[in-house]
Amino acid sequence: MSKRIDVKDLNVYYGNFLAVEGVSINIAARSVTAFIGPSGCGKSTFLRTLNRMHEVLPGARVEGQVLLDGDDLYGSGVDPVAVRSHVGMVFQRPNPFPTMSIRDNVLAGVKLNGGRLSKSDAQEVVESSLKGANLWNEVKDRLDKPGSGLSGGQQQRLCIARAIAVKPDVILMDEPCSALDPISTLAVEDLINELKERYTVVIVTHNMQQAARVSDKTAFFNIAGTGKPGKLIEYADTTTIFNNPKEKATEDYVSGRFG
Amino acid sequence: MTRTVHETARATKGRDLTATETKTPESPGRLRALSSRQGAAGDKVFSGAALAAGAIILVVLVAVAVFLVVQAMPALLAPQSQIANGEGFWPYIFPLVVGTIIAAAIALLIATPISIGVALFISHYAPRRLSQILGYIIDLLAAIPSVIFGAWGISFLAPALVPGYTWLSSALGWIPIFAGPPSATGKTLLTASIVLAVMVIPIITSVCREIFLQTPKLHEEAALALGATRWEMIRMAVLPFARPGIISAVMLGLGRALGETMAVALVLSSGPLIASLLQSGNQTIAAEIALNFPEASGLSLNTLIAAGLVLFIVTLAVNLLARWVISRHKEFSGAN
Ligand SMILES: Nc1ncnc2c1ncn2[C@@H]1O[C@H](COP(=O)(O)OP(=O)(O)OP(=O)(O)O)[C@@H](O)[C@H]1O
Ligand SMILES: [Mg+2]
């Protein structure tokens, strides 16, 4: 069940360093939203606050609100572990568990929280998740082989299958294609297009064409200088951001005149 | 670690940028500079030194093995009635082998779970300051000489365990290994095993901690992002990654436990092989050699050396077994 995300006045700190300042953004359900911006402007940092993965990093903390269909992720008594099973994440480098078979990788998240599956249920989850990640045909004959034996692009789609197997509401992707070749990139982009029919997808990318190809809305982040906090500069329909942005900084960035 | 993740992110971007630059063709002059290979001499010296070092290790190993075999032969070939007060070599060595293996096995049974737990606590649970302090303490413990552990075993641990042994034998005395009457001094094989466990815990902990700390952040985050608790993350990402390392660490501990001489010689009031761990009796090879070596001569010396050869073989066999266990799971080790 995809859900909408509403962020209100979010600040993110690493210790005393304010990394991201004052972000407010409303992300609709069943849409693809792209985050773009120069390196170090806090895209990854902000993305991680949407499923509380930043809490894994030492010293990271937030101020402000993130609402998932109205429920505050940072409300008292909210368990970050539960948040992450609703808001999945795909990382820059494909990271299937090397000691697990392809099948076990897909089931890794489902088996958490004491979840027990009958054999046939498990097979069904594996098949539907891998089909959902456009990987089924490539791996259906070797489900018991290690996931690390796949190509980089296949591994990344395996990670997406693993993420959708737990039936999240939202899928966050941090530069999911930056370690992939163009063909695998296209495969993942096609997949993102299909995913948005069922999930809310947020993707960080450095590739403008990719942002233009896959996203409905685009958010441009920028940073005033080193040591300054990153800010959300402009957030609009992707076509608007790329064709007639309101802000000068956005226009410079998308037209490659940045810096 | 997170830093490195971000650094690689940046590095990848750097590559994207430079990839669009046109490559300047390499000039012939630059090629010549490359082919002159200034480092070649140093390279030769290093590879020579490495080869020599490797050869020395092999030679020493072979020399030790040859010495053991040559010196042990007389004991194996002599009429068995002359060996070990007429006992014969094999009847003499068998209880020692069993005692050695039981003592080491119990020690590992105790030490392995504790070590893994402590190592996990240091690597994944304790706040940074505490884990640093604990790390120092563990490394310090690993450096304590075994005679100190032996002294501690005799003077403190053995008497302290006597009430426990009394209770064990009355409650579980029907199990042969807990059969009474328990030793009044506490100088039993179980005490010796516990001392051995205490000695190997720092070694296993220290190696395990290093390995746990090396778990790729990538896989830890993969587990956490799926909604794993910290313990689930450890089971999913840390332990599978560390499995071969844990086995190596345990083997290291086993090597020490099998060969440990002083502590066992001090703590164990030795005797013939008996099933009960709570009575005095039993002996290990290493302690037997140490206790009898000073007075040994002639054939009895050969007998002790033959015992040493058996210990050597047992250790080797155990190590080979461990390697086989590790290699069985190569495909899923993450090394590919
Ligand atoms: N674990 C951390 N501890 C301290 N500071 C951090 C940490 N991670 C990131 N930062 C800092 O926070 C700021 C934002 O970093 P972030 O990684 O979110 O940028 P980004 O937009 O994702 O960059 P990129 O495009 O290179 O991935 C940077 O100044 C960075 O140095
Ligand atoms: Mg980033």
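Just so it is clear, the model here is predicted, and its values are computed rather than measured. (Residues numbered from 1 in each chain as written. Chains lettered and ligands numbered in written order. Predicted model: local features only at pLDDT ≥ 70, side-chain atom pairs only at ≥ 80, totals over all residues. Heavy atoms only, no water.)

Novice: Would you take a moment to explain unusual backbone geometry for this structure?
Specialist: A negative phi angle is the norm for most residues apart from glycine, just as the trans form is the norm for most peptide bonds. All names here are of chain A. In this structure, Arg30 is a non-glycine residue whose phi angle is positive, near 50°. With respect to the helices and strands, the residue Arg30 is situated in the loop between strand 2 (17-27) and strand 3 (32-36). Despite not being glycine, Asp69 has its phi angle at roughly 50°, a positive value. Within the secondary structure, Asp69 sits in the loop between strand 4 (60-68) and strand 5 (71-72). For Asp69, a relative accessible area of 42% puts it in the partly exposed group. (Helix = DSSP H or I, 4+ residues; strand = E, 2+ residues; numbered from the N terminus. Buried < 20%, exposed > 50% of the residue type's maximum accessible area, 1.4 Å probe, protein only.)

Novice: Looking at this model, I keep getting lost on the interface of chain A and chain B. Mind explaining?
Specialist: The extent of an interface is frequently quoted as the accessible surface area lost upon association of the parts. Of the residues lining the interface, 39 residues belong to chain A; the matching set on chain B comes to 28 residues. With both chains or domains summed, chain A and chain B bury close to 2,700 Å², and 64% of this area falls on carbon and sulfur atoms. Taken as a group, A:Phe97, A:Thr99 and A:Leu112 account for 21% of the area that chain A buries against chain B, more than any other trio of residues on that side. A:Arg48 is the salt-bridge partner of B:Glu221, the closest N and O atoms lying 2.6 Å from each other. Counting across the chain A and chain B interface gives 3 residue pairs in polar contact (both at pLDDT 80 or more). Among the elements of the structure, helix 1 (43-49), helix 2 (80-86), strand 6 (87-90) and helix 6 (152-165) of chain A are those that each provide at least two residues to the side of chain A that touches chain B. Partitioned by chemical class, the residues of the side of chain A that touches chain B number 17 nonpolar, 15 polar and 7 charged. (Contact = heavy atoms within 4.5 Å. Buried area = accessible area lost by both parts, 1.4 Å probe. Salt bridge = Lys/Arg side-chain N within 4 Å of Asp/Glu carboxyl O. Polar contact = N/O pair within 3.5 Å; in protein donor to acceptor, adjacent residues only side chain to side chain. Nonpolar A, V, L, I, M, F, W, Y, C, P; charged D, E, K, R; others polar.)

Novice: Even after reading the chapter, I still don't get the domain arrangement of chain B, so can you show me in this structure?
Specialist: Residue and element names in this part refer to chain B. Annotation of chain B at the domain level lists domain 1 (1-77) and domain 2 (88-332). Listed by partner, the interface residues are 10 residues for domain 1 and 11 residues for domain 2. Regarding the contact of domain 1 and domain 2, the summed buried area is about 1,000 Å², with carbon and sulfur atoms giving 83% of it. Per-residue buried area on domain 1 facing domain 2 is highest for Leu68, Ala75 and Leu76; these three make up 40% of the total on that side. Linking domain 1 to domain 2 there are 1 residue pair in polar contact (both at pLDDT 80 or more). The residue makeup of the side of domain 1 that touches domain 2, split by class, is 8 nonpolar, 2 polar and no charged. (Domains from an automatic or database assignment.)

Novice: How do you make sense of the pairing of strand 9 (residues 217-223) of chain A when you look at a structure like this?
Specialist: Side-chain direction in a regular strand flips from residue to residue, so the side chains alternate between the two faces of the sheet. Residue and element names in this part refer to chain A. Of all the 7 residues making up strand 9, 5 are buried; the element is thus mostly covered by neighbouring parts of the structure. Direction of pairing for strand 3 relative to strand 9: parallel, over a ladder of 4 bridges. By the bridge assignment for strand 9, Phe35 is matched with Ala219. Relative to strand 10 (residues 230-237), strand 9 is paired through 7 bridges, and the arrangement is antiparallel. In the sheet register, Thr218 faces strand 10, and the bridge partner there is Ala236. Once strand 9 ends, the chain turns through 6 residues before running back antiparallel as strand 10, passing Gly227 with a positive phi of about 85°. (Pairing = 2+ DSSP bridges.)

Novice: Any chance you could explain helix 9 (residues 230-259) of chain B here in plain terms?
Specialist: Note that an α-helix has 3.6 residues per turn; residues three or four places apart therefore point the same way. Between its first and last C-alpha atoms helix 9 of chain B spans 38 Å; for 30 residues at 1.5 Å apiece the expected length is 44 Å, and the helix comes up short by more than 12%. Of all the bends in helix 9 of chain B, the largest measures some 55° and sits at B:Arg243, one to four residues before the proline B:Pro244. (Expected span 1.5 Å × (residues − 1). Bend = angle between axes of the 7 residues up to and from the residue.)

Novice: Explain the environment of B:Leu273 to me, please; I cannot follow it from the model alone.
Specialist: Residues and elements named next belong to chain B. Mapping Leu273 onto the fold places it in the loop between helix 10 (262-267) and helix 11 (285-292). Between the alpha carbons of Leu273 and Gln283 there is a distance of 7.3 Å; along the sequence they are 10 residues apart. Not counting chain neighbours up to four residues away, the residues in contact with Leu273 comprise Phe94, Pro95, Val98, Gly99 and Asn282.

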